[in-house]
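A structural walkthrough
Residue-level listing of the chains:
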Amino acid sequence: EVSEIETDVLIVGAGPCGLFATFELGMLGMRCDVVDVLDRPGGQCAELYPEKPIYDIPALPDCSGEQLIDNLLLQARPFEPRFHFGLMVEALNRMDDGRWRVRTNDGQCFIAGAVVIAAGSGCFSPRKLPAAGAEMHEGEGLLYAVRERERLRGKHLVVVGGGDSALDWALNLHDIAERLTLVHRRDRFRAAPDTVNKVRALIDTGAMDFRAGAVAELVDDSGQLSGVRLQGGDQVVCDHVLAFFGLSARLGPLTSFGLDMHGDHIRVDTERFATSLDGVYAIGDVCWYPGKLRLILSGFHEAALMAHDVKRRLHPDIRHVFEHSTTAMKEHLGPR
Ligand code: FAD
């Protein structure tokens, strides 16, 4: 059933810039709803490098991607942003009263006074296994992510890939699987040295199998996955294949919104971070202006300027008094 949620500001993307935007907008008294196609907040930081250190966040000499996201969520918490995960924003339509109707892939609609696109490099999706029969088994025998580890207990698993995700999952699943075979095109892995050492030790002791080669075909037995055939003809018996070839990002639906673009990026002015559509803003990696640096700290600055303009837009009748955070936060945090 189609439902509509009214809000002050709809933010597309829960990466670091979308999250900081909920804080900046919240501090200026605006309510935010945030939509992300992923199932959790954090964008690239959470998806691509949760454990990698970041050294260039002002006044945070060293933090991991995950810590940064946890802190951004904590900072925004007083303003109770509402998150809607697992939804892709697909369409943007201007209403007669100047507000925007934003539609997602499952039909959920948002009506917002302003839209902030913080979509980074777009929607992430897993790179697909280039093997015959892959499409037919996707979601059942063939998985690109592990949502429920327990579902794989006692199964015959084939894990395909040689990077961190493949090896982490091989380590994580081998003790609950009946048998686990790691398949990678060559006997060299591109993962953290400690992870590689652990995997090699399990292979050496026979606790895990390894096959060098590429998966050519998923073998089918009356609709059920029964194994994989490698290039060259060898077969490995299994009931589940887990493929980890990394993620690819695509801007997707955003390119059809009628926004003025600069290649794959949305052109904005540097005073308000407004796009060519009235009431639609863009911040973070997705926006472009001369000199743009794709860094988290740039997105934070962009969020602050955007928020002040959104406030002027949504509340044109009130006089705007600039306040520092100490004053603006008093009613939310209480005196210190
Ligand atoms: P993202 O983090 O890309 O988040 C965008 C979100 O929008 C995603 O979650 C995506 O799923 C969602 N989305 C997109 N389209 C839609 C849609 N249509 N509907 C719903 N949701 C959508 N920067 C630094 O400053 N310091 C560093 O040390 C650093 N190290 C890095 C290391 C690596 C390996 C990488 C890949 C990047 C690094 N960066 C670093 C860059 C930094 O991660 C980005 O600048 C930052 O993530 C941009 O944040 P964002 O919020 O704009 O976008």
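The rules behind each value
- Residues take numbers from 1 onward in each chain, read along the sequence in its written order.
- Side-chain atom pairs in this predicted model are given and counted only at pLDDT of 80 or more, local residue features only at pLDDT of at least 70, and totals for whole chains, interfaces and linings cover all residues.
- Heavy atoms throughout the structure, all of them, feed into the side-chain values; hydrogens and water do not.
- In this description a helix means any DSSP run of H or I spanning at least four residues, a strand means any run of E spanning at least two, and both kinds are numbered starting from the N terminus.
- Summary of the burial criterion: residues with accessible area below 20% of their type's maximum are buried, those above 50% are exposed, and those between are partly exposed, where the area comes from a 1.4 Å probe applied to protein chains only.
- Side-chain atoms alone can form a polar contact between residues adjacent in sequence; in general such a contact is a pair of N or O atoms within 3.5 Å, and within protein one must be able to donate a hydrogen while the other accepts it.
- Patch construction takes residues with relative accessible area above 30% that form no salt bridge. Like charges are linked within 9 Å, and nonpolar side chains (Val, Leu, Ile, Met, Phe, Trp, Tyr) are linked within 5 Å.
- Computed with the Shrake-Rupley method and a 1.4 Å probe, the accessible areas treat only the protein chains shown as cover for residues.
- Salt bridge, as applied in this entry: a Lys or Arg side-chain nitrogen positioned within 4 Å of an Asp or Glu carboxyl oxygen.
- When charges are counted, Lys and Arg contribute as positive and Asp and Glu as negative, whereas His and the chain ends are disregarded.
- For charged residues, the charge sits on one atom: NZ in Lys, CZ in Arg, CG in Asp, CD in Glu.
- Buried Ala, Val, Leu, Ile, Met, Phe, Trp, Tyr and Cys residues form a nonpolar core when they are joined through side-chain atoms within 4.5 Å.
- Only heavy atoms enter the contact rule, under which two residues are in contact if any of them lie within 4.5 Å.
- We call a residue near a molecule or strand as soon as one heavy atom of that residue lies within 4 Å of the molecule or strand.
- Cavity and pocket criteria rest on a 1 Å grid covering protein atoms alone: a 1.4 Å probe that fits but cannot get out defines a cavity, protein on both sides within 12 Å along at least 5 of 7 lines defines an open pocket, and an atom within 4 Å of a point defines a lining residue.
- Throughout, a molecule is located in a cavity or pocket provided that more than half of its atoms lie within 2 Å of its grid points.
- The nonpolar class holds Ala, Val, Leu, Ile, Met, Phe, Trp, Tyr, Cys and Pro. Asp, Glu, Lys and Arg form the charged class, and all remaining residues, Gly among them, are polar.
- If DSSP finds at least two bridges between two strands, the strands pair.
- Between N-to-C directions, angles span 0 to 180 degrees; the directions come from axes that are lines fitted to C-alpha atoms, helices contributing only their stretch in contact.
- Pairing of aromatic rings covers Phe, Tyr and Trp, the last through its six-membered ring, and needs centres within 6.5 Å; plane angles under 30 degrees mean stacked, over 60 mean edge-to-face, and all others mean tilted.
- As a reminder, the over-ring test applies to NZ of lysine and CZ of arginine, requiring each to be within 6 Å of the ring centre and within 35 degrees of the ring normal.
- Annotation comment: domain bounds sourced from an automatic or database domain assignment.

Next up on the list: the environment of Glu6. By the secondary structure assignment, Glu6 is in strand 1 (residues 4-12). Using a relative accessible area of 55% as the deciding quantity, one classes Glu6 as exposed. In this structure the C-alpha to C-alpha distance between Glu6 and Ile111, which are 105 residues apart in sequence, comes to 4.7 Å. Among the polar contacts made by the side chain of Glu6, one reaches the side chain of Arg99 at a distance of 3.0 Å.

Among the surface-exposed residues, Glu51, Glu66, Asp70, Asp164 and Asp168 lie close enough to one another that they form a single negatively charged patch. Broken down by secondary-structure element, the contributors of at least two residues to the negative patch are helix 3 (65-76) and helix 5 (164-173). One can find Asp164 in helix 5.

Bringing the nonpolar core into the picture now. Within the largest apolar cluster, 64 residues are counted, with the highest numbers of intra-cluster contacts made by Ile11, Leu25, Ile117, Ile283 and Met306. Among the elements that make up this core, the one with the highest residue count is helix 1 (residues 16-27) (7 residues). When sequence neighbours within four positions are dropped, the list of residues in contact with Ile11 reads Gly18, Ala21, Thr22, Leu25, Cys32, Asp33, Val34, Val35, Val116 and Ala118. Counting residues in each nonpolar core, the second largest holds 21 residues, with Leu143, Val159, Ile176 and Met208 among its members.

Next up on the list: the site of the ligand. The ligand sits among 31 residues. The nearest are Asp36, Gln44, Tyr49, Asp56 and Asp285. Take Val89: an N or O atom from its main chain is 2.9 Å from a nitrogen atom of the ligand. Calculation on the ligand without its partners gives an accessible area of 990 Å², and the protein chains cover 88% of this total. Among the detected pockets, the ligand sits in the second largest pocket. Listing elements by their share of the shell around the ligand, those giving two or more residues are helix 1, strand 2 (32-36) and helix 2 (43-47). Examining the composition of the shell around the ligand, we find that 3 residues originate from one element, helix 1, more than from any other. Of the residues assigned to the shell around the ligand, the class counts are 17 nonpolar, 9 polar and 5 charged.

With that settled, the discussion passes to the sheet that holds strand 14 (residues 215-221). Sheet strands pair by backbone hydrogen bonding; their relative direction is either parallel or antiparallel. As summarised here, the arrangement of the 3 strands in space is 14-15-16, forming an open sheet in which the pairing is antiparallel. Of all strands in the sheet, those with a lone pairing partner are strand 14 and strand 16 (235-237), marking the two edges. The sheet shows a mean angle of 30° between the axes of neighbouring strands, direction not considered. Here strand 14 runs beside strand 15 (residues 224-230); their pairing, made up of 6 bridges, is antiparallel. In the sheet register, Leu218 faces strand 15, and the bridge partner there is Val228.

Going residue by residue along strand 7 (residues 100-104), you find Trp100, Val102 and Thr104 tucked away on one face and Arg101 and Arg103 left uncovered on the opposite face. As defined by bridge partners, strand 6 (residues 89-94) adjoins strand 7 across 5 bridges and the pair is classed as antiparallel. Bridged to Ala91 within strand 7 is Arg103. Connecting the antiparallel pair strand 6 and strand 7 is a turn made up of 5 residues, with Gly98 showing a positive phi of about 90°. Summarising the sheet, strand 7 and strand 8 (residues 109-117) pair through 4 bridges and their orientation is antiparallel. Note on strand 8: the bridge partner recorded for Arg103 is Cys109. Taking the residues between adjacent antiparallel strands as the criterion, strand 7 and strand 8 are bridged by 4 residues, where Gly107 takes a positive phi near 95°.

It is worth spelling out the pattern of salt bridges at this point. Summed over the entire model, instances satisfying the criterion amount to 22 salt bridges. Arg179 is the salt-bridge partner of Asp209, the closest N and O atoms lying 2.9 Å from each other. In this pair, Asp209 is assigned in strand 13 (residues 209-212) and Arg179 in strand 12 (residues 179-184), connecting sequence segments 30 residues apart. Given the relative accessible area of 30%, Arg179 is considered partly exposed. Glu217 is the partner of Arg229 in a salt bridge, and the nearest nitrogen-oxygen pair spans 3.0 Å.

Note on aromatic pairs: each is described by the distance of the centres and the angle between the planes. Tallied over the full model, the rule gives 6 aromatic pairs. Residues Phe273 and Tyr289 carry aromatic rings whose centres are separated by 5.5 Å and whose planes lie at 75° to one another, so their mutual orientation is edge-to-face. With Phe273 in the loop between strand 20 (265-267) and strand 21 (280-282) and Tyr289 in the loop between strand 22 (287-288) and helix 7 (296-314), this residue pair connects regions lying 16 residues apart in the sequence. Grouping aromatic residues by their ring pairs yields a cluster made of Phe20, Phe23, Phe79 and Phe300. Above the face of the Tyr49 ring, Lys52 is positioned so that its terminal group lies 4.9 Å from the ring centre.

Per the domain assignment, the segments making up the protein chain are domain 1 (4-124 + 248-333) and domain 2 (128-245). Between the C-alpha centres of domain 1 and domain 2 there is a distance of 37 Å.

With that settled, the discussion passes to a nonpolar patch on the surface. Together, Leu293, Leu295 and Leu297 give the surface a local cluster of nonpolar side chains, amounting to about 240 Å² of exposed area. Mapping Leu297 onto the fold places it in helix 7. Taking relative accessible area as the criterion, Leu297 reaches 36% and is therefore assigned partly exposed.

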